[in-house]
Amino acid sequence: MIEVKKVVKKFGRKKVLDEISFTANKGEITCLIGINGVGKSTTLKAIMGLTPIQGGEILIDEQKIQPSMYEKITFIPDTLTMLPQMTVQDGMTFMSDFYTTWNQVRANELCQFFRLDPSSRLSELSKGNAAKANLMFGLALDVDYILMDEPFSGIDMFSREQIANVFTSHLIEDRGVIITTHEINDIEHLIDKVILLDNGKVIRDFITEDVRLEEGKSVTDVMREVYQQ
Ligand SMILES: Nc1ncnc2c1ncn2[C@@H]1O[C@H](COP(=O)(O)OP(=O)(O)OP(=O)(O)O)[C@@H](O)[C@H]1O
């Protein structure tokens, strides 16, 4: 389980995260939702230990983040970080040289799933295919937790659908996933847990199935209620 406990993050004097707390379980998809600039990416970076926090603590399976944890958790940023002149295949070779958790069989399956040609140059990929390649590089690692920053951002409807389909496939298995997004239309049916952020605080968190069964509401209904007050 990932436990974010009363985390405070400041940039200079600006408090971006103000005692936020939530948990994310293995085998579940947890979605951090909030408008631009609300602190979603910062939360993921804090979980990964990529940005220092000024208060609270973050535990992954009851342990603080440390270098050995990178065999357990991975962060997929919202853009490709590989050199643009590399091909998809070069990227996979790089990943396999660099990460002991790289799973080439899964990488090949993901390439097929996303219809990615390994000989394509990264700089020549369409936005949708670049997003898929980016996800492939992250999802092919054998880790328990995957953090994804805006995997659906700025790509066309068909690519969004294809990416959404990966979440219900065996390629995700029973791993714990945290996704950030500011719009959930395509993925509402996939999400197990929602964390709504505003002004650096968690303003509501809920299990999607519970609000559906107990209140007859969708995630969008709850978002409307919360953000349009
Ligand atoms: N390195 C930094 N230095 C100073 N301020 C920063 C830095 N990184 C982020 N911020 C500020 O922190 C706030 C939260 O940023 P963050 O990127 O976490 O938001 P977000 O919710 O992920 O937004 P988006 O949906 O646009 O990606 C913003 O006001 C941003 O300007």
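About the criteria used
Residues numbered from 1 in each chain as written. Predicted model: local features only at pLDDT ≥ 70, side-chain atom pairs only at ≥ 80, totals over all residues. Helix = DSSP H or I, 4+ residues; strand = E, 2+ residues; numbered from the N terminus. Buried ≥ 20, exposed ≤ 12 C-beta atoms within 10 Å, placed from the backbone. Contact = placed C-beta atoms within 7 Å. pLDDT = per-residue confidence, 0-100. Axes fitted to C-alpha atoms, helices over the stretch in contact; angles between N-to-C directions. Parallel < 35°, antiparallel > 145°, perpendicular 65-115°, else oblique. Left-handed = near helix turned anticlockwise from the far one by under 90°. Nonpolar A, V, L, I, M, F, W, Y, C, P; charged D, E, K, R; others polar. Near = placed C-beta within 6 Å. UniProt positions renumbered as here; feature names shortened; annotations may be inferred.

Novice: Would you mind showing me how to read the environment of L147 here?
Specialist: Structurally, L147 is set in strand β7 (residues 145–149). Using a count of 26 C-beta atoms within 10 Å as the deciding quantity, one classes L147 as buried. Taking the C-alpha atoms as reference, L147 lies 4.8 Å from I178; in sequence the two are 31 residues apart. Excluding anything up to four places from it in sequence, L147 contacts L44, I47, M48, F75, I76 and I178.

Novice: I would appreciate a short explanation of the confidence of the model for the protein chain in the present structure.
Specialist: Interpreting fine coordinate detail is not advised for predicted regions of low pLDDT. For the protein chain, the mean per-residue pLDDT works out to 91, and 100% of the residues sit at or above 70. Across the whole predicted complex the pTM is 0.91, and at the interface the ipTM reaches 0.94.

Novice: Even after reading the chapter, I still don't get unusual backbone geometry, so can you show me in this structure?
Specialist: What you tend to see is this: most non-glycine residues have negative phi, and most peptide bonds are trans. In this model, E19 sits at a positive phi of 60 degrees, which is unusual for a non-glycine residue. Within the secondary structure, E19 is located in strand β2 (residues 14–24). Among the residues examined, E19 registers 14 C-beta atoms within 10 Å and is labelled partly exposed. The backbone phi angle of E62 is positive, close to 70 degrees, even though this residue is not glycine. In this fold, E62 is placed in the loop between β4 (55–60) and β5 (63–64).

Novice: Could you clarify how one ought to interpret the packing of helix α4 (residues 127–139) against helix α5 (residues 157–167) in this entry?
Specialist: Angle between the axes and distance between the axes are the two parameters that describe a pair of packed helices. The contact between α4 and α5 brings their axes to 10 Å, and the two run at 15 degrees. Relative to α5, the element α4 is oriented roughly parallel. Two packed elements cross with a definite hand, and for α4 against α5 that hand is right-handed. Across the interface between the two elements, G128, A131, K132 and L135 from α4 touch S159, I163 and V166 from α5. Among the residues making up the contact of α4 with α5, the classes are represented as 4 nonpolar, 2 polar and 1 charged.

Novice: Hey, could you run me through the site of the ligand in this one?
Specialist: By nearness alone, every residue bordering the ligand is listed as F11, V16, G34, N36, G37, V38, G39, K40, S41, T42 and H182. Tallying contributions element by element places helix α1 (residues 40–48) first for the shell around the ligand, with 3 residues. For the shell around the ligand, the per-class residue count stands at 3 nonpolar, 7 polar and 1 charged.

Novice: Got a minute to help me understand the UniProt feature "domain: ABC transporter" (unreviewed entry) in the protein chain in this structure?
Specialist: The UniProt record marks residues 2–224 with the feature "domain: ABC transporter" (unreviewed entry), using the residue numbering of this structure. When the span residues 2–224 is considered, its composition is 30% helix and 28% strand, and the gap between its end C-alpha atoms is 27 Å.

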